[in-house]
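# Chains, contacts and geometry: an overview
Each chain, written out:
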Amino acid sequence: MQKLAIQGGSRLNGEVRISGAKNAALPILCASLLTSEPLQLANVPDLNDVATMRKLLQQMGISIEVNGGQVVLSAAHIDKLEAPYDMVKTMRAAILVLGPLVARFGEARVSLPGGCAIGSRPVDLHIKGLQTMGAEIHIEHGYIHAKAKRLKGARIFFDLVSVTGTENLMMAATLADGVTVLENAAREPEVVDLAHCLIAMGARIDGVGSDTITITGVKKLHGTSHRIMPDRIESGTFLVAATATGGSIALTDTRADILDNVLEKLQEAGATIQVSGSTISLQMNKRPKAVNVRTAPYPAFPTDMQAQFMAMNCIAEGSAMVVETIFENRFMHVQELRRLGAQIDVEGNTAVIRGCAQLEGAAIMATDLRASACLIIAGLVAQGETIIDRIYHLDRGYEHIEAKLSQLGADIRRLK
Ligand code: EPZ
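For every chain, the first residue of the written sequence is number 1, and numbering continues from 1 along that sequence. For a predicted model such as this one, the threshold for reporting local features is a pLDDT of at least 70, and the threshold for listing and counting side-chain atom pairs is 80 or more; totals across whole chains, interfaces and linings nevertheless cover every residue. Hydrogens and water are ignored here; the side-chain numbers use all heavy atoms of the structure.

### Focus on the pairing of strand 9 (residues 143-147)
The rule is simple: take the accessible area with a 1.4 Å probe, protein chains only, and divide by the maximum for that residue type; under 20% is buried, over 50% is exposed, in between is partly exposed. Helix and strand labels come from DSSP, where a helix needs a run of H or I of at least four residues and a strand needs a run of E of at least two; each type is numbered from the N terminus. For strand 9, the tally of buried residues reaches four of five residues, placing the bulk of the element in the interior. When DSSP finds at least two bridges between two strands, those strands are taken to pair. Pairing of strand 7 (residues 107-111) with strand 9 involves five bridges; the strand directions are antiparallel. Opposite Glu107, over in strand 9, you have Lys147 as the bridge partner. Bridge count for strand 8 (residues 136-140) against strand 9 is five bridges, and the pairing is antiparallel. Paired with Ile137 across the bridge in strand 9 is Ala146. Between strand 8 and strand 9, which pair antiparallel and follow one another directly, the connecting turn spans two residues, one of which, His141, has a positive phi of 50 degrees.

### Some details on the sheet that holds strand 20 (residues 343-347)
Spatial strand order, 18-19-21-20: four strands in an open sheet with mixed pairing. The sheet is open, and its two borders are formed by strand 18 (293-294) and strand 20, each paired with just one other strand. Pairing analysis gives five bridges linking strand 20 to strand 21 (residues 350-354), with the strands arranged antiparallel. Each residue of the ladder has a partner; that of Ile344, found in strand 21, is Ile353.

### Some points on the side chain of Thr295
For Thr295, the position within the fold is in the loop between strand 18 and helix 10 (306-314). By relative accessible area, which is 0% here, Thr295 ends up buried. N or O atoms closer than or at 3.5 Å make up a polar contact, with two conditions inside protein: a donor-capable atom paired with an acceptor-capable one, and, for residues adjacent in sequence, both atoms drawn from side chains. Engagement of the side chain of Thr295 in a polar contact is seen with the side chain of Glu324, the distance being 3.1 Å. Only heavy atoms enter the contact rule, under which two residues are in contact if any of them lie within 4.5 Å. Apart from the residues lying within four places of it in its own chain, the contact partners of Thr295 are Phe301, Pro302, Thr303, Gln306, Val323, Glu324, Thr325 and Ile326.

Printed below as a string of C-alpha cells:
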C-alpha cells in the first residue's frame, strides 16, 4: 500500500497545467459504443479510473489506441455486451455502458455497482429511465439484464438530479425511436461536454446545460474527434490548497466560467483571483477566513469540493458550517482531520468547523477520492510530517498530483 509523506509549512508558488476532466472522460469513453466508427479523443487524463474504463471497454471488443492524452476507440466489432462485477466494483461509473449497449445492441448485462465509501449510491433512476423507454430489465445474481428491440423516446422525470443518470439516458436516447425529454436533468459541465461530443457524432440534442434536455433519436451515429474539457475539481483543489497555504499560483489549460461558486468562496476567504483566457491565477498572503458551504447540484457548490474546503476551514479565522446535501456519508475525512487537531462537530449532514491557528502532522488514512485531496491540503498546512495511507483512492482521480504539488514547492513524496 503506497503512502504519501508531507512536510507542512511550504507556501505554494508557480504554475501547473490542469488535466482533462475525469468525469467528462468516463462517459465520453462509453459514447464510443454508440457507433461503429472511430471516436478520437484528446486531453484524456492519465488516471486509474480512465484505465479501468478502457479495460472494461476492451474486454467487450472495443479496440483502443492510446498515445498520451490522445485515445482512439473503435466499437466496430463488439462481441461481449457485459460489464463484469470485478470491474464494476472498483468503479461505479462502469454503469455508463448500460445506456449505450442497450441503445445500439438491444441488450446489456451490467453488474450492479456495490456501495462505496460516500454512500449507497443506487442506480434506480438509470434503470427506471430505461424501462420508461421500453427496455425489459430484470435483476438477478447482482446483475442488471436489460433487453430492448429498439428503445422508444419517452418523457423521463428525475426524482433526484443524477449526473451519470442523465448521461446514461441521454446516450441511450440518441439512438431511440422518437423524442426523449429528460426533466430535472443534471446541468454539470461534464454532462454538457458529453452532449457536445454526441452532437458532433450526429446526435440531435436540445436544452444542453439546462434541466430539460430533449433528444431526437437518429438511426446511426458517426465517429468524430473531441477534446475533453479541463477538470474543474482538480482546478478547485489546487486553488483551495494555495488559499490554505498562502502563495501565488497559476493554473493553465483550465476554465473559470464553470467554477463561479468556488471562485466566489475563495475570494470570500480572502484570496485574490485573476482570470485571463484559460489561466486562473490566485494570490493569498494571509490566514484564510472561514467560509460556509452547502453542496447542491450544479451550478450550486459542488459536493466534490466539500472536503477540500473543510480542510481549509480547519486552519481558517473563525467558524464555518459545511452542509452536504448530495451524499449521506461524505464526512469520512472528519475523523482523519481530527487526528491532526482539527475542531469539527458533526450533526447529521452538517459539520461545524472552528478554525485553529495550526494543525499538527500525524499518520492518517484516505477513505475516498476527494477526501484524499482534503487530507493532502491539511498535511500541507500542518506543522511537521503527515503520512497519508491508502492513497490508491487519490490515483483514481488526480493525475500525478504529488508531482504537480512538488512543482509548486510542496514538500511531498510518495513512499513505496
Ligand atoms: C457523479 O456521480 C460524479 N461521478 C461524482 O464524482 C459526483 O460526486 C456526483 O456525480 C455528484 O456531483 C462521475 O461523474 C463519474 P449522482 P453519480 O447520480 O452520477 C442519488 C468524484 O469524486 N441517486 O449525481 O454517481 C445518489 O445516491 C465522484 O469524481 C439515486 O438515488 O452521482 C446521490 O445521493 C464522486 N439513484 C445523488 O442521487 C440513482 O439512480 C446524486 O448522485 C442515481 C443517483
